[in-house]
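Residue-level structural notes
In case you want the letters, here they are:
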Amino acid sequence: MSNPMILVVEDDSTVQNLIVPALETQEYRYCTAQDGTQAILEAATQRPDIMLLDLGLPDMDGIEVLKSVRKWSSLPVVVVSARSHEQDKVSALDLGADDYLTKPFEPEELLACIRSLLRRSGEEVSADAGETVFGDLTLRQSTFLLRCGEREVRLSQRE
Ligand code: CA
């Protein structure tokens, strides 16, 4: 299996220069986007394993990127933002972000967050289109397998 691919959505080169070397220490592959349009394009074409998403982007709010990507993908998203307002955090999580990092953060904090998401998503729960994720719950439509953490339940077709 090839190394995880991380999409870094960040228009601030200072922050990008903090994130990229941290990813390189782990030999993660990465691609970058400087605005929302490019972020959505990269998410669709590169099929990253995780997206790190800045909220303050030049062309649109990161929240709009999240909303758009969530329409077709359960790709794990970590919102990385200087906004520390509780409300921003809550709306990001409500819209399907998997985690939230407030700037400034330590590279170690970011890597721990990525590790935890990679563990959670694992190989089977990868972001294929046949799965729906609600928080800890993952539903695989083809097999009607509902997973919650370590537990798995097979649903009948009707359920
Ligand atoms: Ca920004």
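This text goes with the structure placed above it.
Conventions and cut-offs
Residues numbered from 1 in each chain as written. Predicted model: local features only at pLDDT ≥ 70, side-chain atom pairs only at ≥ 80, totals over all residues. Heavy atoms only, no water. Helix = DSSP H or I, 4+ residues; strand = E, 2+ residues; numbered from the N terminus. Contact = heavy atoms within 4.5 Å. Areas by Shrake-Rupley, 256 points an atom, 1.4 Å probe, with all protein chains shown as cover. Core = buried A, V, L, I, M, F, W, Y, C linked by side-chain atoms within 4.5 Å. Buried < 20%, exposed > 50% of the residue type's maximum accessible area, 1.4 Å probe, protein only. Donors = N, O, S within 2.8 Å, 3.2 Å for Na, K, Ca; no water. Pairing = 2+ DSSP bridges.

1. Examining the overall build of the chain
Per the secondary structure count, the chain includes five helices and nine strands. Shown N-terminal to C-terminal, the secondary structure of the chain runs as helices and strands in the order β-α-β-α-β-α-β-α-β-α-β-β-β-β. In the chain, the share of contacts with a sequence separation of at least 24, taken over all contacts with a separation of at least 6, comes to 51%. Total accessible area computed for the chain in this model is approximately 8,900 Å², and 49% of it derives from carbon and sulfur atoms.

2. Some remarks on the nonpolar core
If you look at the biggest cluster of nonpolar residues, it comprises 21 residues, and the most contacted ones within it are Leu-7, Val-9, Met-51, Leu-53, Val-65 and Val-79. Considering each element in turn, this core owes the most residues, four residues, to helix α3 (residues 62-70). Beyond its immediate sequence surroundings of up to four residues, Val-79 is in contact with Leu-53, Leu-55, Ala-92, Ala-97, Asp-99, Tyr-100 and Leu-101. Residues Val-15, Leu-110, Leu-111 and Leu-117 belong to the second largest nonpolar core, which totals 18 residues.

3. What about the coordination of the calcium ion?
At the metal site, the calcium ion is ligated by Asp-11 (OD), Asp-54 (OD) and Gly-56 (O), and these contacts range over 2.2 to 2.4 Å. Each donor residue of the calcium ion lies on the same chain, and together they follow the pattern D-x42-D-x1-G.

4. So, the pairing of strand β2 (residues 29-33)
As paired elements, strand β1 (residues 5-9) and β2 share five bridges and run parallel to each other. For Val-8, the partnering residue across the bridge sits in β2 and is Thr-32.

Structural measurements only, silent on function.
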